[in-house]
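Secondary and tertiary structure notes
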Amino acid sequence: NAGVTQTPKFQVLKTGQSMTLQCAQDMNHNSMYWYRQDPGMGLRLIYYSASEGTTDKGEVPNGYNVSRLNKREFSLRLESAAPSQTSVYFCASSEFLGGRGKDTQYFGPGTRLTVL
Amino acid sequence: DQQVKQNSPSLSVQEGRISILNCDYTNSMFDYFLWYKKYPAEGPTFLISISSIKDKNEDGRFTVFLNKSAKHLSLHIVPSQPGDSAVYFCAASEAGNQFYFGTGTSLTVIP
């Protein structure tokens with residue numbers, strides 16, 4: 001099992017450009033998440049999808065959109081990138097929202113995004 | 001406003017000694033807490049969890065303590081090993097909803 005995979009691993013954008021970060025999981029999980037990690041800020045939830053067909057805003061959704069394409073895939077789109085969106089982005093999945101015990105969230109390896 | 005705080009950005013410990021990582025939270029409705037470990041260029045991985053109905057949970061060298069009245073949890077690693085060097089995040093959730101993460105503590109275990 002690959003677990004949670006993310007593409008690309010690295011990306012450099014210019015201000016105003018758009019891009020989509022891809023995430024896929026092969027654990028048949030219902031819930032998927034997008035986080036960003038910034039120095040001194042920890043991990044902050046951008047958007048999540050409790051189950052296929054639903055998406056909800058997290059703590060820091062402004063400037064982002066998401067699509068739960070199917071049960072496996074959850075993409076994050078930046079429509080007009082800004083330098084403030086320079087960050088490391090992590091996708092995660094869990095069997096259910098707020099999964100407990102060892103069925104808590106499994107994270108992908110991250111995408112390092114720089115916006116110039 | 002940060003609901004989960006880790007006030008120590010870094011910690012250095014000698015191999016074989018105890019590492020104690022601390023975490024404070026503000027939301028008294030949080031009922032589930034976790035610790036994640038993160039190596040550079042990798043995603044966080046689950047380490048240990050505790051429910052609010054307990055005050056201690058142990059898994060091998062790792063023990064998590066929860067003090068609900070103080071809204072404080074801590075992770076003890078005994079004995080510390082060089083492979084434990086990583087960033088540790090605590091996280092909390094309420095009633096099966098989203099998790100809130102702390103800012104992380106970078107642990108260095110000195111051989």
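The structure we're discussing is the one just above.
Residues numbered from 1 in each chain as written. Chains lettered and ligands numbered in written order. Predicted model: local features only at pLDDT ≥ 70, side-chain atom pairs only at ≥ 80, totals over all residues. Heavy atoms only, no water.

The subject of this paragraph is the overall build of chain B. Scanning chain B from terminus to terminus reveals zero helices and 11 strands. Starting at the N terminus, the α and β elements of chain B follow one another as β-β-β-β-β-β-β-β-β-β-β. The C-alpha atoms of chain B give a radius of gyration of 13 Å, which matches the 13 Å a tight globule of 111 residues would have. Once the C-alpha set of chain B is aligned to its principal axes, its extents read approximately 40 × 25 × 20 Å. For chain B, with 111 residues in total, the buried portion stands at 46%. Sequence-distant contacts, at least 24 apart, represent 54% of the contacts inside chain B between residues at least 6 apart. With the model as given, the accessible surface of chain B reaches about 5,100 Å², and the carbon-plus-sulfur share is 49%. (Helix = DSSP H or I, 4+ residues; strand = E, 2+ residues; numbered from the N terminus. Rg over C-alpha atoms; globule rule 2.2 N^0.38 Å. Buried < 20%, exposed > 50% of the residue type's maximum accessible area, 1.4 Å probe, protein only. Contact = heavy atoms within 4.5 Å. Areas by Shrake-Rupley, 256 points an atom, 1.4 Å probe, with all protein chains shown as cover.)

This part is about the packing of aromatic side chains. Under the definition given, this model contains 13 aromatic pairs over all chains. Ring plane angle 80 degrees and centroid distance 6.4 Å describe the contact between F90(A) and F107(A), whose orientation is recorded as edge-to-face. Of this pair, F90(A) sits in strand β9 (residues 87-94) while F107(A) sits in strand β10 (residues 106-107), placing them 17 residues apart in sequence. Of the two residues, F90(A) and F107(A), neither departs from the other in class, the shared state being buried. Taken together, the aromatic side chains of Y33(A), Y35(A), F90(A), F107(A), Y36(B), F46(B) and F101(B) make up a single cluster linked through ring pairs. (Phe/Tyr/Trp six-rings, centres within 6.5 Å; stacked < 30°, edge-to-face > 60°.)

It is worth spelling out the pairing of strand β11 (residues 105-110) of chain B at this point. Residue and element names in this part refer to chain B. The two faces of β11 differ: T105, L107 and V109 on one face are buried, but S106, T108 and I110 on the other face are not. As judged from the five bridges shared by strand β2 (residues 10-14) and β11, these two strands associate in the parallel manner. When the bridges of β11 are listed, S10 appears paired with S106. Note: strand β9 (residues 86-93) against β11, three bridges, orientation antiparallel. Bridge pairing in β11 links V87 to S106. (Pairing = 2+ DSSP bridges.)

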